[in-house]
Amino acid sequence: MFPKSGNKFPEGSIHATEAAYSAAIAKALASDIGSSRLATKTVMFWTGASDRSARHWLNGDHGPGGLHLILLARNSTAVMRTIMRLADQQGFELAIELSAARTALIRATAIVDALSSRGGDG
C-alpha cells in the first residue's frame, strides 16, 4: 500500500534502477563512440541535445529520456541492445541483428552494382 503523501511513489528501488539505467546507457555509448570530446559532439549531433546533457549521458550521471533515447537507439546498436536487455526483451536482438545484416547486404549490393556498371564503361 502506498503512503498517503500525495502523488509520489515510495523511493526505494527507483533510484537504484535509474542509476543502473544511466550507467548502462553510458557503457553502451562508450562501447560505440568512446567518451571523448568527439563522442560528446557525436551525441549532440545525433540527438540535438546540449553539450551538458550529452556529457551527463556519457558519464552516466543521468540517462536520456523519451525522444533523446529513441534518437540514440536509432544511431547506436549498442544503445538499442541495452534498451532491449533492460526491458528483458533479448529476443528482439536477433531481429535487430538481422535488420543490420540486411542493410549491410543492400549497401554492399549497391556498391557492387555501381562498380560493375562503371567497369563496363571503361
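Residues numbered from 1 in each chain as written. Predicted model: local features only at pLDDT ≥ 70, side-chain atom pairs only at ≥ 80, totals over all residues. Heavy atoms only, no water.

Q: Explain the overall build of the chain here, please?
A: In terms of helices and strands, the chain carries six helices and zero strands. The N-to-C order of helical and strand elements in the chain reads α-α-α-α-α-α. Residue pairs at least 24 apart in sequence account for 48% of intrachain contacts in the chain once pairs closer than 6 positions are excluded. (Helix = DSSP H or I, 4+ residues; strand = E, 2+ residues; numbered from the N terminus. Contact = heavy atoms within 4.5 Å.)

Q: What is the right way to read the packing of helix α2 (residues 37–47) against helix α4 (residues 66–75) from this model?
A: For any two helices packed against each other, one specifies the inter-axial angle together with the distance between the axes. Orientation of α2 relative to α4, taken along the N-to-C sense of each, is 110°, at an axis distance of 9 Å. Taken together, the axis directions place α2 and α4 in an arrangement best described as roughly perpendicular. By crossing handedness, the relation of α2 to α4 is classed as right-handed. Two secondary-structure elements touch here, α2 through Val-43, Trp-46 and Thr-47 and α4 through His-68, Leu-71, Leu-72 and Asn-75. (Axes fitted to C-alpha atoms, helices over the stretch in contact; angles between N-to-C directions. Parallel < 35°, antiparallel > 145°, perpendicular 65-115°, else oblique. Left-handed = near helix turned anticlockwise from the far one by under 90°.)

Q: What should I look at first to understand the side chain of Ser-76 in this one?
A: Assignment of secondary structure puts Ser-76 in the loop between α4 and α5 (77–86). Classification of Ser-76 by relative accessible area gives buried; the value is 0%. For Ser-76, the side chain forms a polar contact with the side chain of Asp-32, separated by 2.4 Å. (Buried < 20%, exposed > 50% of the residue type's maximum accessible area, 1.4 Å probe, protein only. Polar contact = N/O pair within 3.5 Å; in protein donor to acceptor, adjacent residues only side chain to side chain.)

Q: What's the story with the side chain of Thr-82 in this structure? I'm lost.
A: Tracing the chain through its elements places Thr-82 in helix α5. Its relative accessible area of 8% is what places Thr-82 among the buried residues. From its side chain, Thr-82 meets the backbone oxygen of Ala-78 in a polar contact 2.9 Å long. Other than its neighbours up to four places away in sequence, Thr-82 contacts Ala-24, Ile-25 and Ala-28.

Q: For this particular structure, what's the right way to read the pattern of salt bridges?
A: Where side chains of opposite charge bring their charged atoms close, a pairing between them can arise. The final tally for this structure, using the stated rule, is two salt bridges. The partner of Arg-37 in a salt bridge is Asp-51, and the shortest N-O contact between them spans 2.4 Å. Taken as a pair, Arg-37 in helix α2 and Asp-51 in helix α3 (residues 51–59) lie far apart in primary sequence, 14 residues in all. Given the relative accessible area of 21%, Asp-51 is considered partly exposed. Arg-55 serves as the salt-bridge partner of Asp-51, at 2.7 Å between the closest nitrogen and oxygen. In this pair, Asp-51 and Arg-55 both sit in helix α3, four residues apart, roughly one turn of the helix. (Salt bridge = Lys/Arg side-chain N within 4 Å of Asp/Glu carboxyl O.)

Q: Would you take a moment to explain the packing of α4 against α5 for this structure?
A: Packing of α4 against α5 brings their axes to within 5 Å, and their N-to-C directions diverge by 120°. Overall, the two elements α4 and α5 adopt an arrangement that is oblique. Between α4, through Leu-69, Leu-72, Ala-73 and Asn-75, and α5, the contact on the second element is made entirely by Thr-77, Val-79, Met-80 and Ile-83.

Q: Sorry if this is basic, but what is going on with the nonpolar core here?
A: Nonpolar side chains in soluble globular proteins tend to end up buried together. Ranked by size, the top nonpolar core spans 15 residues in total, and within it Ile-25, Leu-29, Val-43, Trp-57, Leu-58, Leu-72 and Val-79 carry the most contacts. Elements represented by at least two residues in this core include exactly α1 (13–33), α2, α3, α4 and α5. The residues contacting Val-79, other than those within four sequence positions of it, are Ile-25, Ala-28, Leu-29, Leu-69, Leu-72 and Ala-73. (Core = buried A, V, L, I, M, F, W, Y, C linked by side-chain atoms within 4.5 Å.)

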